[in-house]
Amino acid sequence: MDYRRFNIYLKEAGGLNCSKLFFKRSVYAVVSIIGSSSSPSKQQTCVGKYNGTNPTWGLRSSLRFYLEDSELQQDHLVLMIQLMCKRILGSDKVIGEVYVPLKELYDNSGSTNHGFHQVVKPSGSGKDHGFLYFNYDFGEIIRGAVKKDNGAVAYPLIRTHSRVNPSAPCLEYLSLGL
């Protein structure tokens, strides 16, 4: 199968409502790729730097996913970003969500790959609830890669020389992310 690397860098969110009366808001993001025929991919950022209702992440929010290229081209994949507010008691609260078709990002990718999207309330009301700003990039196609059950991708590694014929490439698999 052919895969494509997708990097996303969350920069800033604004206008969020995470009610904490006496404490700083601790906001982080859970980023998922949904719509894939393989197991869903989900990663989490660190807590953003406190800035009132506008958390910032800076360089600490770099996340990497590997997308099956055929699913990307057929518009099956959606980037889902849930903004979470950490709670001391009880489970963390989803304070906003962003849904973006990955094909839309891929088709619009160029020299300046950034996204500025409205955050909607998770209650299903569809009301705008602030914004999320992020940068992203897509890598070249990785031909012949194999995705393992744990989400790691084994890449084909081409050697320029072998014992039999120094000019013939030797195909090996290098497994990363284990």
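Please refer to the structure higher up on the page.
What this report covers is the structure whose coordinates are included nearby.

Conventions adopted
- Residues numbered from 1 in each chain as written.
- Predicted model: local features only at pLDDT ≥ 70, side-chain atom pairs only at ≥ 80, totals over all residues.
- Heavy atoms only, no water.
- Helix = DSSP H or I, 4+ residues; strand = E, 2+ residues; numbered from the N terminus.
- Buried < 20%, exposed > 50% of the residue type's maximum accessible area, 1.4 Å probe, protein only.
- Areas by Shrake-Rupley, 256 points an atom, 1.4 Å probe, with all protein chains shown as cover.
- Salt bridge = Lys/Arg side-chain N within 4 Å of Asp/Glu carboxyl O.
- Contact = heavy atoms within 4.5 Å.
- Lys, Arg positive; Asp, Glu negative; His and termini not counted.
- Polar contact = N/O pair within 3.5 Å; in protein donor to acceptor, adjacent residues only side chain to side chain.

1. A closer look at the overall build of the chain
When you go through the chain residue by residue, the secondary structure sums to two helices and eleven strands. Mapped from its N terminus to its C terminus, the chain presents α and β elements in the order β-β-β-β-α-β-β-α-β-β-β-β-β. Counting over 178 residues, the chain shows a buried share of 36%. Accessible area of the chain: about 10200 Å², with a carbon and sulfur share of 53%.

2. Here's the deal with the pattern of salt bridges
A full pass over the atoms with the stated rule returns five salt bridges. Of the charged contacts in the structure, one is a salt bridge between arginine 143 and aspartate 2, with a shortest N-O distance of 2.9 Å. One end of the pair, arginine 143, is in the loop between strand E8 (128-142) and strand E9 (146-147); the other, aspartate 2, is in the segment before strand E1 (3-14), with 141 residues separating them in the sequence. Look at aspartate 2 and you get partly exposed, because its relative accessible area is 28%. One salt bridge connects arginine 5 with aspartate 137, and the closest N-O pair in it is separated by 2.9 Å. Here arginine 5, found in strand E1, pairs with aspartate 137, found in strand E8; they are 132 residues apart in sequence, far enough to count as distant.

3. What about unusual backbone geometry?
Even without a glycine there, the phi angle at aspartate 75 is positive, about 60°. Tracing the chain through its elements places aspartate 75 in the loop between helix H1 (69-73) and strand E5 (78-85).

4. So, the environment of serine 109
Relative to the assigned elements, serine 109 resides in the loop between helix H2 (102-107) and strand E7 (114-120). In this structure serine 109 comes out as partly exposed when scored by relative accessible area, which is 30%. Beyond its immediate stretch of four places on either side in the chain, serine 109 contacts Tyr136 and Phe138.

5. Observations concerning the environment of lysine 103
Its location among the elements puts lysine 103 in helix H2. Taking the relative accessible area as the measure of exposure, lysine 103 reaches 19% and is therefore buried. Distance from lysine 103 to leucine 77, taken between C-alpha atoms, is 7.3 Å for residues 26 residues apart in sequence. For lysine 103, the residues in contact, after removing those within four places along its chain, are Leu72, Gln73 and Asp75.

6. Some details on the side chain of glutamate 97
In this structure, glutamate 97 sits in strand E6 (residues 93-101). The buried charged residue glutamate 97 lacks any salt bridge partner; its closest oppositely charged side chain belongs to lysine 42, at an N-O distance of 10 Å. A polar contact of 3.1 Å, which involves the side chain of glutamate 97, links it to the side chain of glutamine 82. Within the local environment of glutamate 97, its side chain forms a polar contact with the side chain of tyrosine 99, the two groups lying 3.2 Å apart. When neighbours within four sequence positions are excluded, glutamate 97 is seen to be in contact with Ile81, Gln82, Gln118, Val119, Val120 and Pro122.

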